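# Summary of structural features
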Amino acid sequence: MSNSCEKDAAEPAVSLTTGRVVRIESTIDDAGNNPRPRWEVDVTPLFFAGLNGVAYQEIKTFNLLDTVTLLDTVTYKVGSTIQFNYQLVPQAQHTPWRTLYEYDNTAMQIAWGDRLPELTLTNVQLAKRQ
């Protein structure tokens, strides 16, 4: 696995997509440093292919771009509904950060967190409450 955060360009979503934040976990790099949050977002009714081509309605993302700060887990907390544009990250280029549990309980090549498809999110905003 590479520690590269460079992502190939993917076709972005044209209109805003809505999702609900279902989990935020702290992850670390291969050296056990540089903690960063990983958001898991329910994007129902959309489906994205994850590990071994299995279709998931939850995705993972390590960035909520265009926000005040990338580490803003107070504004973008569990239960928040967000709107965003996205790009799918190819499986081979997934961000290698994992939780401590994942490091302790999975093989390096088969990280538990890698089962979900990864998206890069842009134009992230809280959805207006109805």
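Scroll up to find the structure this text is about.
Described in the following lines is the structure provided in the data block. (Residues numbered from 1 in each chain as written. Predicted model: local features only at pLDDT ≥ 70, side-chain atom pairs only at ≥ 80, totals over all residues. Heavy atoms only, no water.)

### Digging into the packing of aromatic side chains
Inclusion rule: Think of it this way: a Phe, Tyr or Trp ring, Trp meaning its six-membered ring, pairs with another when their centres are within 6.5 Å, and the plane angle makes it stacked under 30 degrees, edge-to-face over 60, tilted otherwise. Only runs of H or I of at least four residues qualify as helices and only runs of E of at least two qualify as strands under DSSP, and these elements are numbered from the N terminus. Remark: a charge is flagged as sitting over a ring if the NZ atom of Lys or the CZ atom of Arg is within 6 Å of the ring centre and within 35 degrees of the ring normal.
Scanning all chains against the criterion turns up one aromatic pair. Plain terms: the ring middles of F48 and Y86 are 5.3 Å apart, the flat faces sit at 85 degrees to each other, and that makes the pair edge-to-face. Taken together, the residues span a long stretch of sequence, with F48 in strand β3 (residues 48–49) and Y86 in strand β6 (residues 81–89) at a distance of 38 residues. The ring of W97 has R36 lying over it, and the distance from NZ or CZ to the ring centre is 4.6 Å.

### Re the environment of R98
Keep this limit in mind: Each residue is placed in one exposure class: buried if its accessible area under a 1.4 Å probe, protein chains only, is under 20% of its type's maximum, exposed if it is over 50%, and partly exposed if it falls in between.
Structurally, R98 is set in the loop between β6 and α1 (100–105). Note on R98: relative accessible area 0%, which makes it buried. Residues R98 and I28 lie 70 residues apart in sequence; the distance between their C-alpha atoms is 5.6 Å.

### Looking at the environment of G79
Tracing the sequence through the fold places G79 in the loop between β5 (58–61) and β6. Separated by 57 residues in the primary sequence, G79 and V22 have C-alpha atoms spaced 6.0 Å apart.

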